[in-house]
Structure formats: structure tokens, C-alpha cells
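Coordinate analysis (summary)
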Amino acid sequence: SQQGEEDPQALSIQEGENATMNCSYKTSINNLQWYRQNSGRGLVHLILIRSNEREKHSGRLRVTLDTSKKSSSLLITASRAADTASYFCATGWGDKIIFGKGTRLHILP
Amino acid sequence: SAVISQKPSRDICQRGTSLTIQCQVDSQVTMMFWYRQQPGQSLTLIATANQGSEATYESGFVIDKFPISRPNLTFSTLTVSNMSPEDSSIYLCSAHETGNSYEQYFGPGTRLTVT
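This is a predicted model, so every value here is computed, not measured.

Let us look at the overall build of chain B. Secondary structure assignment for chain B yields zero helices and eleven strands. Listed by position from the N terminus, the elements making up chain B come as β-β-β-β-β-β-β-β-β-β-β. Here chain B holds 115 residues, and the buried ones make up 51% of them. Residue pairs at least 24 apart in sequence account for 55% of intrachain contacts in chain B once pairs closer than 6 positions are excluded.

As C-alpha cells, this is what we get:
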């Protein structure tokens, strides 16, 4: 069964605005990873955050992790048309990762 | 990061036949995995491909339907057997690099259509 649950399922924002996606999960994890998938194409690894970390940054991406609430968020600042994609969180324990259902992000011109 | 390639990139197959998908990693990796992504859905883990031993399957997936090989640390195959239209999906290979990092990288996927 899937571990993570993203919220919202779909999000449309104007170019230049910030986009925030949330991921909640149910059991203990040792890491959480965010991925991007453009329509019909492969998965791009965005960022990994370990269970003992609270925040990580990579370029315009900011990821937070709250293990007490079993939740994570992905913030994309100053969105661009190229950010239009599906975003997935994947929770890991041991060597496996399990994907959530994803958020479809659409950046409006 | 590991670079992963898959062959074929897509195929159209008749029901009742089998297709073998190949996954090649450009470096030795500890773990390799196979996922399925049905149309409009997220990724579901099929199995962990273990080097030199039988694959470990997730609930709902069985070896007779999805036999997996992993002869070395850079290569794996997934066979989709006795296909039906419900097997139409994207099949993705992924790898977890050796060492402490848990970062998992994915191949471009194989888009399978069963008619």
C-alpha cells in the first residue's frame, strides 16, 4: 500500500508565485524524497531529506520535514512554466521507497 | 548520480505474450527495484531485484507473472508474462547507490501497451 499522501491533488498558480505541496505519511521513516515527473516522461530526483533533518534547500526548492506530525512540504519559489509537472513524495525505510499519489502542478502564464 | 537506461522504451504487445524489459546502470549499485505506473497513477513497487538470489516481491505481485533476474551489480531484467490489457503501464527500473545515501534514481521507463 502507498505510504505518502500528497495534498493538494492538483494545483494551478500564476507564473512567479510560490507553490507549496504537502505530504503526509503513516509510519516511521528514515528518509523522504521528492520527485518530479513531466508528462509521460521519467522521474527526476529533486531532494532527499533524512529523518533527523528538518529543512533542506536546493535552488528554488525548500523541503521541510516534521516527523512528529509525519508530514513534509515542498515549496517551489518563483514558479516557472517549466515547473508544470507532477510531484511525488516517496517515503523510505530500509532500502525501499514507497510513493504517494502525487500533486499535479500547473503554472499559468 | 547513477545513470539508468531501459530497453525497450516502448512496445505494443498482444495479449498472452511475454515481454522482457532490460535495465542497465552505469555503475555498480547495491539495490535495484522495479516499479509499475498505471495510466494517470502513481508508482507501485513490484519487487526488489536481488543480486544472485531470487527477487523479493511486494504484496500483490508474484514471480510467475513478473520474473526478475539480476545477474550482476549493474543489470536487471523484468519479464511481464502472459500479458493482458490490464498490464498496460509504464514499467520503471530504479537503483539505490552503494554507500550511505538513500537517493534512488530512475530509468526513463518502458511504456507497454497490451492489445
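So that's the structure; there's more coming.
Residue and element names in this part refer to chain B. When you tally the buried positions in strand β8 (residues 75-80), you get six out of six residues, the bulk of the element. Note: strand β3 (residues 19-25) against β8, six bridges, orientation antiparallel. Its bridge partner lying in β8, L19 is registered against V80. Here strand β7 (residues 68-72) pairs with β8 via three bridges, running antiparallel.

The subject of this paragraph is the packing of aromatic side chains. Inspection of every chain in the model, using the stated rule, returns eight aromatic pairs over all chains. Considering the side-chain rings of F99 of chain A and F106 of chain B, the 5.6 Å spacing of their centres and the 80 degrees angle between planes classify their relative orientation as edge-to-face. Placement of the pair is F99 of chain A in strand β10 (residues 96-99) and F106 of chain B in strand β10 (residues 104-106), with the two residues belonging to separate chains. Take F99 of chain A and F106 of chain B: they sit in the same class, and that class is buried.

Attention shifts here to the interface of chain B and chain A. The accessible area lost on association of the parts is a frequent measure of interface size. With 22 residues of chain B at the contact, the number on the chain A side is 21 residues. Carbon and sulfur atoms make up 54% of the surface buried where chain B meets chain A, a total of about 1600 Å² over both sides. Across the chain B-chain A interface, the total number found is one salt bridge. Where chain B touches chain A, the interface holds seven residue pairs in polar contact (both at pLDDT 80 or more). Looking at the side of chain B that touches chain A, the elements with two or more residues in it are β4 (29-37), β5 (43-49), β9 (89-97) and β10 of chain B. Counting residues per element, the side of chain B that touches chain A draws most heavily on β4 of chain B, at four residues. Among the residues forming the side of chain B that touches chain A, the class breakdown is ten nonpolar, nine polar and three charged.

About the thresholds
Residues numbered from 1 in each chain as written. Chains lettered and ligands numbered in written order. Predicted model: local features only at pLDDT ≥ 70, side-chain atom pairs only at ≥ 80, totals over all residues. Heavy atoms only, no water. Helix = DSSP H or I, 4+ residues; strand = E, 2+ residues; numbered from the N terminus. Buried < 20%, exposed > 50% of the residue type's maximum accessible area, 1.4 Å probe, protein only. Contact = heavy atoms within 4.5 Å. Pairing = 2+ DSSP bridges. Phe/Tyr/Trp six-rings, centres within 6.5 Å; stacked < 30°, edge-to-face > 60°. Buried area = accessible area lost by both parts, 1.4 Å probe. Salt bridge = Lys/Arg side-chain N within 4 Å of Asp/Glu carboxyl O. Polar contact = N/O pair within 3.5 Å; in protein donor to acceptor, adjacent residues only side chain to side chain. Nonpolar A, V, L, I, M, F, W, Y, C, P; charged D, E, K, R; others polar.

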